[in-house]
Amino acid sequence: MIPITTVPCSGYTVEPAPISDSSEPIWRDLFCRDGTALPSQSPEWARAVTDAGGFRALPQFFKFDDGSRAVLPLFVKGAGRLRYAWSPPPAWGFGGVLSDGEMTPAKLSIVLEHLETLPSLGFKIRPNPLTAGLWAQAARPGWSAIDRCAHVIDLAGGFLAVRARFRPNAGTYIRRAQKSGVEIEVGNHEGLIDEFHHLLQLSLVRWARKQHEPAVLARMRGLRRDPKAKFITMASQMGDRFRLYVARLNGRAVAAILVLMGRQAHYTRGAVDEALAGESRAAYLLQATAIEDACRFGCTHYHMGETGNSASLAQFKSRFGAVAVPYCEYRYETLPLARLDGLARRTVKRILGFRDAP
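Residues numbered from 1 in each chain as written. Predicted model: local features only at pLDDT ≥ 70, side-chain atom pairs only at ≥ 80, totals over all residues. Heavy atoms only, no water.

1. So, the pattern of salt bridges
The condition that has to hold: Here, a salt bridge means any Lys or Arg side-chain nitrogen found within 4 Å of an Asp or Glu carboxyl oxygen. A helix here means a DSSP run of H or I that spans at least four residues, while a strand means a run of E at least two residues long, and both kinds are numbered starting from the N terminus. Remark: exposure states derive from per-residue accessible area (1.4 Å probe, protein chains only) relative to the maximum for the residue type, with buried under 20%, exposed over 50%, and partly exposed in between.
Within this structure, the stated rule accounts for 23 salt bridges. E329 serves as the salt-bridge partner of R126, at 2.7 Å between the closest nitrogen and oxygen. On the criterion of sequence distance, the pair formed by R126 in the loop between β8 (122-125) and α4 (132-138) and E329 in strand β15 (residues 323-333) is long-range, its members being 203 residues apart. According to the relative accessible area criterion, R126 is partly exposed, its value standing at 23%. Overall, E329 belongs to the buried group, its relative accessible area being 4%. The partner of K228 in a salt bridge is E190, and the shortest N-O contact between them spans 3.5 Å. Separated by 38 residues along the polypeptide, K228 in helix α9 (residues 228-238) and E190 in helix α7 (residues 190-210) bring together distant segments of the chain. For K228, a relative accessible area of 27% gives the class partly exposed. When salt bridges that share partners are traced, they join E24, R28, E44, R47 and R241 into one network.

2. Points about helix α12 (residues 311-318)
An α-helical turn contains 3.6 residues, so any two residues separated by three or four positions project in the same direction. So the rule is basically this: A contact between two residues is defined here by any heavy atoms of the two lying within 4.5 Å.
All of the buried residues along α12 are F316, K317 and S318. Packing partners of the buried residues in α12 comprise β9 (144-154), α11 (282-296) and β14 (301-306).

3. Side note on the nonpolar core
Applicable threshold: Residues belong to one nonpolar core when they are buried, are Ala, Val, Leu, Ile, Met, Phe, Trp, Tyr or Cys, and are joined through side-chain atoms within 4.5 Å.
Grouped together as the largest cluster of nonpolar side chains are 37 residues, with contacts concentrated most on I153, L155, F166, V259, I291 and Y302. Elements that contribute at least two residues to this core include exactly α5 (158-164), α6 (168-179), β11 (242-249), β12 (252-260), β13 (265-272), α11 and β14. With nine residues, α11 is the largest single contributor of residues to this core. Excluding its chain neighbours within four sequence positions, the residues that come into contact with L155 are V162, R165, I291, A294, C295, C299, T300, H301 and Y302.

4. Description of the pairing of β8
For clarity, the threshold we go by: DSSP calls a pair of strands paired once it identifies at least 2 bridges connecting them.
Across four bridges, the pairing between strand β6 (residues 84-87) and β8 is parallel. Considered in β8, the bridge of A85 is made with F123. Relative to β15, β8 runs antiparallel, the two being bridged by four bridges. For F123, the partnering residue across the bridge sits in β15 and is Y332.

5. Re helix α3 (residues 105-117)
To keep it simple, the criterion reads: How far a helix is expected to stretch is found by multiplying one less than its residue total by 1.5 Å.
Over its 13 residues, α3 extends 19 Å from the first C-alpha to the last, a length consistent with the 18 Å expected when each residue adds 1.5 Å. At its buried positions, α3 is contacted by β3 (60-63), β4 (69-72), β8 and α4.

6. Describing the side chain of T268
Going by this rule: Here a polar contact is recorded for every N or O atom pair within 3.5 Å, except that within protein the pair must consist of a potential hydrogen donor and a potential acceptor, and residues adjacent in sequence are included only if both atoms are side-chain atoms.
Within the secondary structure layout, T268 lies in strand β13. A distance of 3.0 Å separates polar atoms of two side chains, one belonging to T268 and the other to R269. Setting aside residues up to four positions removed in sequence, T268 forms contacts with L258 and L260.

7. Focus on the confidence of the model for the protein
How we decide: By definition, pLDDT measures how confident the predictor is in each residue, and it falls between 0 and 100.
Predicted confidence across the protein gives a mean pLDDT of 88, with 86% of residues reaching 70 or more. Confidence over residues 7-21 falls short of pLDDT 50; this stretch has 31 contacts with residues more than four positions distant or in other chains.

8. So, the packing of helix α1 (residues 24-33) against helix α2 (residues 43-53)
Packed helix pairs are specified by the crossing angle of their axes together with the interaxial distance, meaning the distance between the axes. To be explicit about the condition: To obtain each axis, a line is fitted to C-alpha atoms, and for helices this fit is confined to the stretch in contact; angles are then taken between N-to-C directions over 0 to 180 degrees. Any angle that is under 35 degrees is reported as roughly parallel, and any over 145 degrees as roughly antiparallel; angles of 65 to 115 degrees are reported as roughly perpendicular and all others as oblique. All amino acids are sorted into three groups, where Ala, Val, Leu, Ile, Met, Phe, Trp, Tyr, Cys and Pro are nonpolar, Asp, Glu, Lys and Arg are charged, and the leftover types, Gly among them, are polar.
It is the contact of α1 with α2, at a shortest axis distance of 9 Å, that shows an interaxial angle of 120°. Our classification of the angle between α1 and α2 gives oblique. Contacts between α1 and α2 involve E24, W27 and R28 from the first element and P43, E44, A46 and R47 from the second. Its residues placed into classes, the contact of α1 with α2 shows three nonpolar, no polar and four charged.

9. What to know about the sheet that holds β15
One open sheet holds the 11 strands; their spatial order is β2-β5-β6-β8-β15-β9-β14-β13-β12-β11-β10, and the pairing between them is mixed. Edge positions in the sheet fall to β2 (56-57) and β10 (183-187), since each has one partner strand and no second.

Here is the structure:
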């Protein structure tokens, strides 16, 4: 059962939400009513975070004087003033506020003001990139804005319209994959998770090589972030909304992606065995299949996740009609923990000769 916190807010009359014995029905109702909602903001996802990630859910509920309600899914580790809170935790997608009315900068500023009153070492919020303008207008003193960049596909018009916006080379590569005999299996059973996780481990080693990072260190870091049990828990909680797309060539898994389906879709993980995939361009057929499914499910957007400063990754995503969406992650801390952590990470990278992939 997910606990609830109701809060008083200056500037708005905030009343306790109509709770019976659980906050979950209200959270689910807000999730269903908010047109910007992502799968990683659902109560089911929260259970996956708490079960597999070791976090505690502490959602913050608000009722404003215009009758609208909102919830900020929040997850914490630690206790009392020594706890830290995220929306969502690292490597768990996007978070931020859900509402059944218009979320204005004034309302969002009140949400942030409330967080400042809670006992905690700090807060970190990574909102839906499509709400970047709202968050920028609601910014408060003391909150740091960390620049990010994601790529998103607008699915308006259905798959034929979206497909027409693919760049010509994407179509060429999709046809090459089909002619090469690439076959796609879609599902969420444990066998697919095994194959996906194996490919993910191979990708960790490949990424480490490109970034001049010791393979052992990369595997340890990657498996700590994404153990197999994490994906099993996700699949158990999300059901059919957790969709693995596995590409096979000559019966062997060569590439896979994980896509979360909801009102908006989110491509959240990808992995490939380059030695087996060769020049098949299996990754292009995987993305086209998932994008078509997202259109069929009625998703409004297909999020392709964080791009950072990688020109090659941005080019790959843009071939499917994805556009760059600059946004910010927001952080509020009573102690400069993030600054110290960043300094430590930069020092280790210098020692290792680490370099970001192009």
